[in-house]
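Structural overview for review
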Amino acid sequence: MSFSATNLAQPLQLNTATPRSNDKPSLLLPKTSSFLGSTRNFRPTSLSANPSHSNAHRRSAVVAVSEAVKEKKLHASTNLLITKEEGLELYEDMVLGRSFEDMCAQMYYRGKMFGFVHLYNGQEAVSTGFIKLTKKEDSVVSTYRDHVHSLSKGVPAREVMSELFGKATGCCRGQGGSMHMFSKEYNVLGGFAFIGEGIPVATGAAFSSRYRREVLKQADCDHVTLAFFGDGTANNGQFFECLNMAALWKLPIVFVVENNLWAIGMSHLRATSDPEIWKKGPAFGMPGVHVDGMDVLKVREVAKEAIGRARRGEGPTLVECETYRFRGHSLADPDELRDPAEKAHYAARDPITALKKYILENNLATEQELKAIHKKIDELVEDAVEFADESPLPPRSQLLENVFADPKGFGIGPDGSYRCEDPKFTQGTAHV
Amino acid sequence: MLGILRQKVGAGSSSAMILGQSMQRIRPTTSALRAFSSSAKEMTVRDALNSALDEEMSADPKVFLMGEEVGEYQGAYKISKGLLDKYGPDRVLDTPITEAGFTGIGVGAAYYGLKPVVEFMTFNFSMQAIDHIINSAAKSNYMSAGQINVPIVFRGPNGAAAGVGAQHSQCYAAWYAAVPGLKVLSPYSSEDARGLLKAAIRDPDPVVFLENELLYGESFPVSAEVLDSSFCLPIGKAKIEKEGKDVTITAFSKMVGYALQAAEILAKEGISAEVINLRSIRPLDRNTINASVRKTNRLVTVEEGFPQHGVGAEICTSVVEDSFGYLDAPVERIAGADVPMPYAANLERLAVPQVEDIVRAAKRACYRSASLAASA
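Summarised in this report is the structure supplied together with it. (Residues numbered from 1 in each chain as written. Chains lettered and ligands numbered in written order. Predicted model: local features only at pLDDT ≥ 70, side-chain atom pairs only at ≥ 80, totals over all residues. Heavy atoms only, no water.)

**Brief notes about the side chain of Thr103 of chain B**
Residues and elements named next belong to chain B. Mapped onto the fold, Thr103 is located in helix α5 (residues 99–111). A distance of 2.6 Å separates the side chain of Thr103 from the backbone oxygen of Glu99, its partner in a polar contact. The residues touching Thr103, leaving out its near neighbours within four places in the chain, are Val118, Phe120, Ala129, His132, Ile133 and Phe154. (Helix = DSSP H or I, 4+ residues; strand = E, 2+ residues; numbered from the N terminus. Polar contact = N/O pair within 3.5 Å; in protein donor to acceptor, adjacent residues only side chain to side chain. Contact = heavy atoms within 4.5 Å.)

Shown next, in the form of structure tokens:
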């Protein structure tokens, strides 16, 4: 139940003032500094005023682990957070995310992809930190910023790039596009283009895990769903509706807020009455955790606990990852409203650079090994572009396919008549 | 806080209850059948829907019902009566009043091959969830290029109710029928209700199932075939309720009853009307409609919904496209008035089609309106 990395923290009462009066000015003056987490100490919370007073409904304290993990890192260098293999896997995944998105920008400006393309640069630690801990059967539901979640989940870069090029070899044969990545094989259940829209679907996926285990008696079904969404979504009704139902029904889901502090040009602080989103977890009877989303090791630590909790059937967790996007909202966004100082502040906290530093300082790998990863990824992304570029466009006949799962489908058939007139369209037993 | 505590206790004990219910679930479907066939050859639409749900839930453990008040309260219109007792709270799921949330949850569950039946207390409330019906359910199969299909049923009462005002009285047939990826069914009789609901639940795609509150209590004769648990109607096929040769009248849901009454009146005046019960709004059975119009050469469309861009407009287009040369008169379109539903009973009556409207329109189509009758 408790987060292992949080044992340094003291559970605090919700109704007592948390020791962060030094943060107050930043809440009032959004542009003066980063506003959440990075300068903050523990964020303990508990529904219970007295943790020893047990109550079936009350939960024990759950706190932000960022500082705790940092402590561990500083004082227990012999007890590393990751193995060499893990470190290289995380590094490779983040580099893949970054290089892939950079390539997308190039390809977009060259007219190879079109429409809205939202890039993930800067937020890699969240996708990598969470998704690399999942099993293939676990599900990921994303937003319109979904390329990197798909890559982390295992969808081949070739297929994602090809989808972005609108080619028949894409993971959705060119029918989905940038904002709608699906993969049945890897359980990527979609990018959803509207704010908040993906959360109920993710909650439904978690619901079906529970249904399989408890109603269909598939005892081994311990699949977990990760719902990724942004800070803006935390003001949308569907977020609250689903926090309620997920907690009520103890669903195996982790709500992952990628708080990149901005909508398009609207600051989170101007949009949200209480900008600390993690606090909304305890309000619904689930743990709320805040974590530094620019540090993949901290994210991973929190993710491990939250995913484990869901897998054990102990219910949902709300995790707020404070992160930052290094590019505009989409490639069509001139990005003029964000303070250059703020951008510089976060650029200096690049999650890939940070992991590299950690790996090298702890002698987990050599500079050469990391360079080799960059080379490998560059080739992989180049190959993805070549593959996408050479792939055929979807044939004309594909236009009317896949509207229905029903093999007959309907719509306009090759002869111009309605397909539904095909005999046995959806067969009944009655003679009509 | 107290409320939350109470809910928690309920959730905590649910796993213990599941065991008990799974035992009940094994009960054979035939028992329900016998009860119906021994009683009478009549069945209400409510019982038809209830028995269809019961049989499909019994046949497939992946089928579950969710919605507001469907469990303990047995459904706002008692369609889910007895199902909670039989299948337990995990399969008859009382949801909070959160249409967007629980509809999306239903869609997500369907992504994984469960077969949710989402009940809207009335279809008016589906407006809160229309994003999930259209964007999540209807489009996923296409967006994922066939990787993820969504076998879900959205059902509930639709159309004009009585005395409930503008926000609770509206027909959504044309709305949902405009969306590729959805199948839209609208039953009239008990036979329709049973056969179409069972077809909808078995269908691999999202189905919008538009019932009518005012029909729930009506009884219809049912055959032994209809009562069989394997009974199922084809999606996309209309039914000719009454054959005729002078004019075709198309209708769905409650308006089928009105059309049949109109046909009786017309028969007394020597006009033989053919009444088509559409059953399926999307796909639309263009074949049956056009074959009928080619025979009668005249068409009257009837619906409760708003006239503009309505079901009648679509039927008219299909006839103009396929059978223009066969028409001997302009197509008559009977629809609800182009206004939000008024509350006052007299105005409300004026706002929805009445039997006499259909009779008048059919006579006009046959050039038999009062003024012309003398010269004809």
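**Remarks on the sheet that holds strand β10 (residues 247–251) of chain B**
In sheet architecture, strand pairing relies on hydrogen bonds along the backbone and comes in two forms, parallel and antiparallel. Residue and element names in this part refer to chain B. Here 5 strands make up an open sheet; going across it, the order is β9-β11-β10-β13-β14 and the pairing mixed. In this open sheet, the two edge strands, each paired with only one partner strand, are β9 (239–242) and β14 (332–334). Between one strand axis and the next, the sheet turns through 25° on average, direction left out of account. Across 3 bridges, strand β13 (residues 299–302) lies against β14 in parallel orientation. If you follow Thr301 over to β14, its bridge partner there is Arg333. Running at roughly 175° to β14, helix α14 (residues 355–365) makes contact with β10, β13 and β14 of the sheet. (Pairing = 2+ DSSP bridges. Axes fitted to C-alpha atoms, helices over the stretch in contact; angles between N-to-C directions.)

**Thoughts on the packing of aromatic side chains**
This structure, assessed with the given rule, holds 18 aromatic pairs over all chains. Seen in terms of ring centroids, Tyr108 of chain A and Tyr109 of chain A are 5.6 Å apart; in terms of plane orientation they differ by 75°. Their pairing is edge-to-face. Residue classification places Tyr108 of chain A among the buried positions, given a relative accessible area of 19%. Taken together, a centroid distance of 5.0 Å and an interplanar angle of 75° make the contact between Tyr188 of chain B and Phe220 of chain B edge-to-face. (Phe/Tyr/Trp six-rings, centres within 6.5 Å; stacked < 30°, edge-to-face > 60°. Buried < 20%, exposed > 50% of the residue type's maximum accessible area, 1.4 Å probe, protein only.)

**As for unusual backbone geometry**
It is generally the case that most residues other than glycine have a negative phi and that most peptide bonds are trans. In this chain, Arg282 of chain B is followed by Pro283 of chain B through a cis amide linkage whose omega measures 0°. By the secondary structure assignment, Pro283 of chain B is in the loop between β12 (280–282) and α11 (286–296). Even without a glycine there, the phi angle at Lys217 of chain A is positive, about 60°. Among the secondary structure elements, Lys217 of chain A is positioned in the loop between α7 (198–214) and β4 (225–230).

**Points about a negative patch on the surface**
All names here are of chain A. Taken together, the side chains of Asp378, Glu382, Glu386 and Glu390 define an acidic patch exposed on the protein surface. For Glu390, the position within the fold is in helix α14 (residues 367–390). For Glu390, a relative accessible area of 66% gives the class exposed. (Patch = residues over 30% accessible without salt bridge, like charges linked within 9 Å, V, L, I, M, F, W, Y side chains within 5 Å. Areas by Shrake-Rupley, 256 points an atom, 1.4 Å probe, with all protein chains shown as cover. Salt bridge = Lys/Arg side-chain N within 4 Å of Asp/Glu carboxyl O. Lys, Arg positive; Asp, Glu negative; His and termini not counted. Charge placed at Lys NZ, Arg CZ, Asp CG, Glu CD.)

**Observations regarding the pairing of strand β7 (residues 207–211) of chain B**
Residues and elements named next belong to chain B. Most of β7 sits inside the fold, with 5 of its 5 residues counted as buried. Residue alternation in β7 divides its side chains into two sets, Val207, Phe209 and Glu211 and Val208 and Leu210, and both sets are buried. Alignment of strand β5 (residues 153–157) against β7, held across 5 bridges, turns out to be parallel. Bridge pairing in β7 places Phe154 opposite Val208. With 3 bridges connecting them, strand β6 (residues 183–185) and β7 associate as parallel partners. For Lys183, the partnering residue across the bridge sits in β7 and is Val207. Between the parallel pair β6 and β7, the chain is carried across by helix α8 (residues 190–202), and the sense of this crossover is right-handed. (Right-handed = clockwise from strand over helix to strand, strands pointing away.)

**Topic: the interface of chain B and chain A**
At the interface, 71 residues of chain B touch 64 residues of chain A. Between chain B and chain A, roughly 5,600 Å² of surface is buried when both sides are summed, and carbon and sulfur atoms account for 63% of that area. A salt bridge links Asp90 of chain B to Arg210 of chain A, with the nearest nitrogen and oxygen atoms 2.7 Å apart. If you list the elements that add at least two residues to the side of chain B that touches chain A, you get α1 (2–25), β2 (63–67), β3 (92–94), α5, α6 (130–143) and α11 of chain B. It is α5 of chain B that contributes the most residues to the side of chain B that touches chain A, 10 residues altogether. (Buried area = accessible area lost by both parts, 1.4 Å probe.)

**Considerations on empty space enclosed by the protein**
Residues and elements named next belong to chain B. A complete count under the given rule lists 10 cavities of 30 Å³ or more for this structure. If you add up the space inside the largest cavity, you get close to 110 Å³. Lining the largest cavity are 13 residues, with Ser169, Glu304, Phe306, Val339 and Met341 sitting closest to its centre. In the lining of the largest cavity, the residues fall into 8 nonpolar, 4 polar and 1 charged. (1 Å grid on protein atoms, 1.4 Å probe; cavity = no way out; pocket = protein on both sides within 12 Å on 5 of 7 lines; lining within 4 Å. Points joined across faces, edges and corners; volume = space filled by probe spheres on them. Nonpolar A, V, L, I, M, F, W, Y, C, P; charged D, E, K, R; others polar.)

**Focus: the sheet that holds strand β2 (residues 182–183) of chain A**
The 7 strands lie next to each other as β2-β3-β1-β4-β5-β7-β6 (chain A), forming an open sheet whose pairing is mixed. The open sheet terminates on both sides in strands that have one partner only, identified here as β2 and β6 (288–292) of chain A.

**Quick look at α11 of chain B**
Residue and element names in this part refer to chain B. Among the residues making up α11, those that are buried are Arg286, Thr288, Ile289, Asn290, Ser292, Val293 and Thr296. Elements that come into contact with the buried residues of α11 comprise β9, β10, β11 (273–277), β13 and α12 (311–323). Backbone geometry just downstream of α11 places Asn297 in the positive-phi region, at approximately 65°.

**As for the packing of helix α3 (residues 84–109) of chain A against α14 of chain A**
Helix-helix packing is described using two parameters, namely the angle between the two axes and the distance between the axes. All names here are of chain A. Following both chains from N to C, one finds α3 and α14 inclined at 40°, their axes separated by 9 Å at the closest point. By the criterion of interaxial angle, the relationship of α3 to α14 is oblique. Crossing geometry of α3 relative to α14 is assigned as right-handed. Where α3 approaches α14, its residues Lys84, Leu88, Tyr91, Glu92, Val95, Leu96, Ser99, Phe100, Met103 and Met107 are matched on the opposing element by Glu369, Leu370, Ile373, His374, Lys376, Ile377, Asp378, Leu380, Val381, Glu382 and Val385. For the contact of α3 with α14, the per-class residue count stands at 13 nonpolar, 2 polar and 6 charged. (Parallel < 35°, antiparallel > 145°, perpendicular 65-115°, else oblique. Left-handed = near helix turned anticlockwise from the far one by under 90°.)

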